[in-house]
Each structure stands twice: as structure tokens, then as C-alpha cells.
Amino acid sequence: QLVQSGGGLVKPGGSLRLACHSPGFSTDYYSVAWFRQAPGKEREGFSCISPTGDNTYYGDSVKGRFTISRDNAKNAVYLQMNDLKAGDTGVYYCAAEGYYTCYSRPLPGNFGSWGQGIQVTVSS
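Let me sum up the structure you'll find in this document.

Analysis parameters
Residues numbered from 1 in each chain as written. Predicted model: local features only at pLDDT ≥ 70, side-chain atom pairs only at ≥ 80, totals over all residues. Heavy atoms only, no water. Salt bridge = Lys/Arg side-chain N within 4 Å of Asp/Glu carboxyl O. Helix = DSSP H or I, 4+ residues; strand = E, 2+ residues; numbered from the N terminus. Buried < 20%, exposed > 50% of the residue type's maximum accessible area, 1.4 Å probe, protein only. Phe/Tyr/Trp six-rings, centres within 6.5 Å; stacked < 30°, edge-to-face > 60°. Lys NZ or Arg CZ within 6 Å of the ring centre and 35° of its normal.

**Description of the pattern of salt bridges**
With the rule as written, the count across this model stands at 4 salt bridges. With a shortest N-O distance of 2.8 Å, Arg-36 and Asp-88 are connected by a salt bridge. You can see Arg-36 sitting in strand β4 (residues 30-37) and its partner Asp-88 sitting in the loop between β8 (76-81) and β9 (90-98), a full 52 residues away along the chain. The same class applies to Arg-36 as to Asp-88, namely buried.

Below is the structure:
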């Protein structure tokens, strides 16, 4: 239901921009969150944006380095990742849910529509 793009291999300190599109439906009334799953670990939410973009959440591990944004005219949400570290390596997922507030860390069980996941590898 959601289509992701933009992952890849980057050196420490580098940048990547992930995109999450919803070709099949309008996300105007959906909050969208980003999750990542490192090898051997559980999927963890770290960022979220409300339907109008006026409310955002960032986990401590990404605050100041990552920026979430959205363009509702394009049914798209973006994640700009700067100053990437080896610990950022993992599979990244976007997810959408209606009537969800982004006041705290997003939890996987609260989101019903998911992207396919995309690999981000930070390595020298």
C-alpha cells in the first residue's frame, strides 16, 4: 500500500533521503511514521508526522540529524537523514494510520498500512 524509495549504502557522516508514497490512496488524513529494524532487533519507531505536518516527533537517537516532512499534494512523506552513523544501519519502514497523534514514540501495532521496507547501510 505504501511504496518506499531512496535507501542504499552511505559512508558515516553522509546523507540519504527516503521517500514514502501512497499511490493507491490519499494520506491527507493519515499520520505517517518511520520505523527501522536493525539485524537481530525489534522494529522501532523513531519519527512521526501528523496529517497537516504541524506536529512531528523524533526519538532521541535521531533528533537533530533526521527531518521528516510531507507533501500531501504528492501523497508523499520524506525522511532526510544527515550525519548518518553505523548505528543507523537497518531496514527502514514507513507506515500510515488515520487519527493517530504523533506526541510520542510510534509503536508498530498502532499502524495499519506499511511500506515494503528499504535497506539503509552506513559503512566505510
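On we go.
**Considerations on the packing of aromatic side chains**
All told, the structure shown has 6 aromatic pairs when counted by the stated rule. The interplanar angle of 75° and the centroid separation of 5.7 Å between the aromatic rings of Phe-46 and Tyr-92 together place this pair among those described as edge-to-face. Of this pair, Phe-46 sits in strand β5 (residues 44-49) while Tyr-92 sits in strand β9, placing them 46 residues apart in sequence. Both residues of the pair, Phe-46 and Tyr-92, belong to the buried class. Clustering of aromatic rings is evident, with ring pairs tying together Phe-35, Tyr-93, Tyr-100, Phe-111 and Trp-114. Over the aromatic face of Trp-114 sits the side chain of Arg-43, whose NZ or CZ is 5.0 Å from the ring centroid.

Honestly, it's all geometry; don't read function into it.
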